[in-house]
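Each chain, written out:
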Amino acid sequence: MCIRDRLQYIFQMESQNQAQCRLSIIGRHLDAKQDLQRPPIKVTITGAAGNIGYGLAFMIGQGRMLGRNQPIDLMLLELPAVLDKAEGVMMELQDSALPLLSNIRATSDVKEAFTGCQIAILVGAKPRGPGMERKDLLSANSKIFQEQGRALNEFADRNVKVCVVGNPANTNCLIASHFAPNIPKRNFTALTRLDQNRALYQLANKLQTGVENIKNVIIWGNHSLTQFPDVNHGYLEQHTNQKVITSLRSAINDEKWIEQTFIPVVQKRGAEIIKKRGTSSANSAANAVCDHIHDWLIGTQPGEYVSMGVISEGQYGIPKDIVFSYPVTCTNGEWTVVEGFKWDESSVKRIKATTEELLEEKSMALN
């Protein structure tokens, strides 16, 4: 008797619905079928031959971003000097025979890459080199994101959703939006979900629970050392005989750990990974991109919110027209800042520091 027959014999002891559910869970090689009748969504990844782009392309092809029933027309954009590497990524994707990828192309032509683009993931950016000042990094990246903003403005779908990953992500996002005046500002976002995910793990590890039980941690401000990982409004969800909810501060009950360990660890996690690996975060960043876009387009869970860098409209007294990470909920492809939270004195100081840094970056980048 083959494995399939054995499984089906076992499942005869269950109801038909339970059996179908079990077969579906086991995987695509049994009765789990994909419905690929939807029109494909055109997704463009810049810097596609880099470590983040490489991992991200496969996650998208496996349905990690938009689900297992949404076909993707995937564009891999790279600089001419490394286009052959992007073509190598394309060849690996082709060899993986991923049903969701209805079309895969690699190009160094921004017109080809962005024409009709519906989701743009801007990963490619100039990394900070030895001895490089922050203003020099901003200046170099300003040119890159000016060009990409103009290309999006000219060629992309008018409702394109943009996620900026390349650092400094918040200000690069602002630059791209500034040079794409025909695309709504609300369609430009910066990735701070990686910071949120980092915070979730640190908290779950401290509390000896699963990351899925940590809810509503917030990342405020810039994706930098000034970011503020905030536990004040989150909670721990426990399932024993019934669901029990405890505030994170009460569950942790260790103010010193929050201030002297948790916050610095999250703020400096990227640098620590570079020390260990010799290169920056890759798959964790790609995973966070999938989380970010999935929740933006598919929607957040009821009662839960996530962190996204968005162009401020003045919420919480933050100056308008800087890209600031807020807690948001998402419905039908639109985000809404969760308002009404109060900040204590320590939080106010941290918010002030990250806001001032963003204003400084804006001034250096756009002037």
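Definitions and limits used
- Residues numbered from 1 in each chain as written.
- Predicted model: local features only at pLDDT ≥ 70, side-chain atom pairs only at ≥ 80, totals over all residues.
- Heavy atoms only, no water.
- Pairing = 2+ DSSP bridges.
- Helix = DSSP H or I, 4+ residues; strand = E, 2+ residues; numbered from the N terminus.
- Axes fitted to C-alpha atoms, helices over the stretch in contact; angles between N-to-C directions.
- Contact = heavy atoms within 4.5 Å.
- Salt bridge = Lys/Arg side-chain N within 4 Å of Asp/Glu carboxyl O.
- Buried < 20%, exposed > 50% of the residue type's maximum accessible area, 1.4 Å probe, protein only.
- Disulfide = S-S within 2.5 Å.
- pLDDT = per-residue confidence, 0-100.
- Expected span 1.5 Å × (residues − 1).
- Arc of directions from axis to C-beta.

Another point: the sheet that holds strand β10 (residues 235-239). In space, the three strands of this open sheet follow the order β7-β10-β11, with antiparallel pairing throughout. Each end of this open sheet is capped by a strand with a single partner; those strands are β7 (214-215) and β11 (243-247).

Now for the sheet that holds strand β13 (residues 323-331). Ordered by their spatial adjacency, nine strands build an open sheet running β3-β2-β1-β4-β5-β6-β12-β13-β14, and the pairing between neighbours is mixed. Looking at strand neighbours, the two that pair on one side only are β3 (101-107) and β14 (334-337), the edges of this open sheet. Between one strand axis and the next, the sheet turns by 30° as a mean value, whatever way the strands run. Its contacts with the sheet put helix α3 (residues 51-61) on β1 (41-46), β2 (72-77), β3 and β4 (119-122), and the angle it makes with β1 is roughly 165°. Where helix α4 (residues 83-95) meets the sheet, it contacts β2 and β3, and its direction lies at approximately 165° from that of β3.

Okay, the pattern of salt bridges next. Pairs can form between side chains of opposite charge whenever their charged atoms are close. All told, the structure shown has 15 salt bridges when counted by the stated rule. The partner of Lys161 in a salt bridge is Glu334, with the nearest N and O atoms 3.8 Å apart. Remark: Glu334 occurs in strand β14 and Lys161 occurs in strand β5 (residues 161-164); sequence separation between them is 173 residues. Take Glu334: its relative accessible area is 35%, and that puts it in the partly exposed class. The partner of Arg186 in a salt bridge is Glu313, and the shortest N-O contact between them spans 3.3 Å. Of this pair, Arg186 sits in the loop between α7 (169-178) and β6 (188-190) while Glu313 sits in the loop between β12 (306-311) and β13, placing them 127 residues apart in sequence. Three or more residues joined by partner-sharing salt bridges are found here, namely Lys161, Arg186, Glu313 and Glu334.

Once that is clear, we can look at the state of the cysteines. One pass over the full model with this rule turns up zero disulfides. The thiol of Cys290 is unpaired, and the distance to the nearest cysteine sulfur, on Cys163, comes to 9.7 Å. Owing to a relative accessible area of 0%, Cys290 belongs among the buried residues under this scheme.

Attention shifts here to the confidence of the model for the chain. Taken over all residues, the pLDDT of the chain has a mean of 91, while the share at 70 or more is 88%. For residues 25-32, every residue scores under 50 in pLDDT, and the model assigns this stretch 13 contacts once sequence neighbours within four places are set aside.

The next thing to look at is the pairing of β14. The two faces of the sheet receive side chains in turn, since in a regular strand these alternate between them. Burial along β14 is one-sided: the residues Trp335 and Val337 are buried and none of Glu334 and Thr336 is. Hairpin remark: β13 followed by β14, antiparallel, with two residues in the connecting loop; positive phi at Asn332, about 55°.

Bringing helix α12 (residues 345-366) into the picture now. Between its first and last C-alpha, α12 extends 32 Å over 22 residues, near the 32 Å set by a 1.5 Å rise per residue. Residues of α12 that are buried: Ser347, Ile351, Thr354, Thr355, Glu357, Leu358, Glu361 and Ala365. Taken end-on, α12 shows its buried residues confined to a sector of 160°, consistent with a single buried face. Exposed residues pointing more than 90 degrees away from the buried face of α12 are listed as Glu345, Lys349 and Lys352. The inward-facing, buried residues of α12 abut α6 (134-155), α7, β8 (218-220), β9 (228-230) and β13.

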